[in-house]
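A closer look at the structure
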Amino acid sequence: MIDQSQQLSPPPGAVRLPVRPAAGRYLVLLVVFVCAACGLVYELELVALASSLIGDSVTQASVVLSLMVFAMGIGSLLAKRLRCRAAFGFGLLELILALVGGSSAMVLYASFAWVGESRAVLVAFSLAIGVLIGAEIPLLMSLIQRISRRDADGTVADLFAADYVGALVGGLAFPFLLLPWLGQLTSGLLTGAVNAVAGGSLVLWLFRRDLTARSRGWLLVANVLVLALLATATVMADDFERAARRAVYGDRVRVAVQTGVQEVVLTGGRSGPLDLFLDGRLRVSGRDEYRYHEALVHPAMAGPRTRVLILGGGDGLAAREVLRYRDVDEVTVVELDPGVVHLARTDPALSALNGRAYRDPRLDVVTADAFGWLREPAAPGTDADGRPGRGRYDVVIADLPDPGLTPSTKLYSLEFYGLVTAVLAPGGRLVVHAGEMGSRPRTYWMVDATLRAAGYGTGPYRIGDAGLLLAAPGRAPRLGIDPGAPPLRSLTRAGLADDAWRAERTRMPDLPPSTLVHPRYGS
């Protein structure tokens, strides 16, 4: 029978605790759990913000995670030097991690806004946070062994179990709780404060007898300073974000909204041209947007056009051009972000720019991912023309984000164009915005190759730097302007022929198609 008094007393050489050893052990595991959750939030914060600012989420996630894992190994080795003063070392480590991790998103955003370059900052923070996280477990192992040296294998298992469960909670809390409720900047600062409180409480209370009076004083003052800095940054986060936004977009910012999908910013519009930015990228320039939208829409409208499907285009500008045809009976806009649609409906300047398209009774809006919407089985029954389900469309306009952005690659895949074929009426046409021809010609011709692999004939053309493709199943469509087209401001038949010639002369032959399992854009 085990002597209970012997079980509850600390082993020889162990630290004297204000609680029983068993309770102290659980408190250490609780701190492991909290620190692991905070560490994963820091990682996800960097990935999310870098993807928004720089683009290409796969690359940013790979850079952040690979650098952090590498740096964690370095941190684990460096922690050997602190094990002789594990309590003080862990307290100092958590303070630095709370400050660095908590402020990482704010510094990254500041670098993007005022310097214009954030990749070096991203790498530096990934390495620094990785080193600090990597040093946590060796020091926590030393601390828990100061409580009890029995069952070393079980202690290791408990530490890693708490670490993994904490990482799970942090990984779920970031996208479902912190990001939607607090935003990227405040959620990082709050996580840093939680990190500092957890580390400071463990060291300054549970292991206070392991510290000299001077060490306790230094750590206490440092904790107060770090928490004060994080609290001050939290209070100033909104002002900082407004200042950074002005640095990025200028002084003409009129509307800035973080939807559940992206950051939407409107500048100008009341006394000057309106510009629409999505996640920091200029999507619409009110000065000359008509050039792009006329070129996107009107060549595809040369032919039957009773029913038109617009994939993307929540700003209503493509719909404006479509609705100028009086023989169009129905227009369906499938837009992922309801926030963009809301602005297009209600913002006076944007609504005026799109000709108040959303007031037209012929237009119907569906809030959905275009790929998922096309995959949905058609509803039973027939439409007004006796066609099954939602029916087929004479024209499909893919006014989607650039194919070089990772979340958009599935919308330029072989499988996606197969789904589009299923909703095209006989003789129907598809027009695709295929990226920037001047800066990324390979991406443009990769879209062309993918359409051809899906059974389309294509007619390439461009407007400025924007590359466009007019396509039809089984045949190359005639590129032109319908005689019944409304008056156009910039697009002419001669200009369209010249745009087609200028696009064709850059052709890159023998490119493979892009698929869901092998996306090739950006390669």
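See the structure shown above.
Residues numbered from 1 in each chain as written. Predicted model: local features only at pLDDT ≥ 70, side-chain atom pairs only at ≥ 80, totals over all residues. Heavy atoms only, no water.

1. What about the pattern of salt bridges?
The final tally for this structure, using the stated rule, is 24 salt bridges. Ionic pairing is found between Asp482 and Arg305, a salt bridge with its closest N-O pair at 3.5 Å. Taken as a pair, Asp482 in the loop between strand E11 (466-473) and helix H17 (493-504) and Arg305 in the loop between helix H10 (289-297) and strand E5 (307-312) lie far apart in primary sequence, 177 residues in all. For Arg305, a relative accessible area of 9% puts it in the buried group. Close ionic contact of Asp402 with Arg440 constitutes a salt bridge, the shortest N to O distance being 3.7 Å. (Salt bridge = Lys/Arg side-chain N within 4 Å of Asp/Glu carboxyl O. Helix = DSSP H or I, 4+ residues; strand = E, 2+ residues; numbered from the N terminus. Buried < 20%, exposed > 50% of the residue type's maximum accessible area, 1.4 Å probe, protein only.)

2. Digging into helix H16 (residues 441-453)
Under the 1.5 Å per step criterion, the end-to-end length of H16 is 18 Å for 13 residues, consistent within 8% with the ideal 18 Å. Those residues of H16 that sit buried are Thr443, Tyr444, Trp445, Met446, Val447, Asp448, Ala449, Thr450 and Leu451. Those residues of H16 that are buried are in contact with helix H15 (414-423), strand E9 (424-436), strand E10 (456-463), E11 and H17. Looking one or two residues past H16, Gly455 carries a phi angle of roughly 100 degrees, positive in sign. (Expected span 1.5 Å × (residues − 1). Contact = heavy atoms within 4.5 Å.)

3. With respect to the sheet that holds E9
If you walk across this open sheet you meet the seven strands as E7-E6-E5-E8-E9-E11-E10, and the pairing is mixed. Where the open sheet ends on each side, the last strands, each with one partner, are strand E7 (363-367) and E10. Recorded for the sheet is a direction-independent mean angle of 15 degrees between the axes of neighbouring strands. When strand E6 (residues 330-335) meets E7, the two strands line up parallel, connected through five bridges. From the neighbouring strand, Glu335 faces E7, where its bridge partner is Thr367. Packed onto the sheet, H15 meets E5, strand E8 (393-399), E9, E10 and E11 and runs at close to 145 degrees relative to E9. Contacting E9, E10 and E11, H16 crosses the sheet at an angle of about 155 degrees to E10. (Pairing = 2+ DSSP bridges. Axes fitted to C-alpha atoms, helices over the stretch in contact; angles between N-to-C directions.)

4. What to know about the sheet that holds strand E2 (residues 263-267)
Pairing is antiparallel across the open sheet formed by four strands, whose spatial order is E1-E2-E3-E4. The sheet is open, and its two edges are formed by strand E1 (253-258) and strand E4 (281-285), each paired on a single side. Averaged over neighbouring strand pairs, the angle between their axes works out to 20 degrees when direction is ignored. As judged from the five bridges shared by E1 and E2, these two strands associate in the antiparallel manner. Residue pairing across strands places Val253 opposite Thr267, the latter belonging to E2.

5. Brief notes about the environment of Val334
Tracing the chain through its elements places Val334 in strand E6. When the C-alpha positions of Val334 and Gly313 are compared, they lie 7.9 Å apart, and in sequence the two are 21 residues distant. In this structure, Val334 is in contact with Leu309, Ile310, Leu311, Gly312, Val366, Ala368, Ala370 and Trp373, ignoring residues within four places of it in sequence.

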